[in-house]
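Take a look at the letters that make up each chain.
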Amino acid sequence: MNRTHFVYLYGTQQVLTFEEPSRMTYTVVKGGLPMSNHLGEVLMAEGEEEGTTLVTWRCRFTSPWGLGWLNRMIVESFFTSTLHKLVKEVEKPKEKSEE
């Protein structure tokens, strides 16, 4: 289980499959947006440049009351924000360990 926070939304996801190092699927089990039947998938492959990874993140869900367009905008914003944070974290200089 993983708990996430985005703006004022909290959610809990459960990993369904993990095929190291290339694929993971998950579902939202609690909180988040008004949606059901959520299935997320993250694909990871070698990037074109040496030492890079291409990440494809997608999900499917059912939205009530015609809210699909709004949920899609929020999910896309969450994906973008999360991936930018991941890039920043990966590109941080590594701290030298004191020996």
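This structure is a prediction, so every number in the text was calculated from the model and none was measured. (Residues numbered from 1 in each chain as written. Predicted model: local features only at pLDDT ≥ 70, side-chain atom pairs only at ≥ 80, totals over all residues. Heavy atoms only, no water.)

Caption draft 1: Inspection of the overall build of the protein chain at higher detail. Helix and strand counts for the protein chain stand at one helix and five strands. Walking the protein chain from its N terminus toward its C terminus, one meets helices and strands in the order β-β-β-β-β-α. When each of the 99 residues of the protein chain is scored for burial, the buried share is 18%. Excluding contacts between residues fewer than 6 apart, the proportion of contacts in the protein chain whose partners are at least 24 apart in sequence is 23%. Carbon and sulfur atoms make up 56% of the accessible area of the protein chain, which amounts to about 8200 Å² in all. (Helix = DSSP H or I, 4+ residues; strand = E, 2+ residues; numbered from the N terminus. Buried < 20%, exposed > 50% of the residue type's maximum accessible area, 1.4 Å probe, protein only. Contact = heavy atoms within 4.5 Å. Areas by Shrake-Rupley, 256 points an atom, 1.4 Å probe, with all protein chains shown as cover.)

Caption draft 2: Quick peek at the pairing of strand β4 (residues 36-46). Summarising the sheet, strand β3 (residues 23-31) and β4 pair through four bridges and their orientation is antiparallel. Following the sheet pairing, Y26 is matched in β4 by G40. Counting the residues in the hairpin turn of β3 and β4 gives four residues, including G32, whose phi is positive at 80°. For β4 and strand β5 (residues 53-62), the ladder comprises nine bridges, and the chain directions are antiparallel. Residue L39 lies in a different strand from β5, and its bridge partner there is R60. Hairpin geometry of β4 and β5 is characterised by an intervening segment of six residues between the two adjacent antiparallel strands and by a positive phi of about 80° at G51. (Pairing = 2+ DSSP bridges.)

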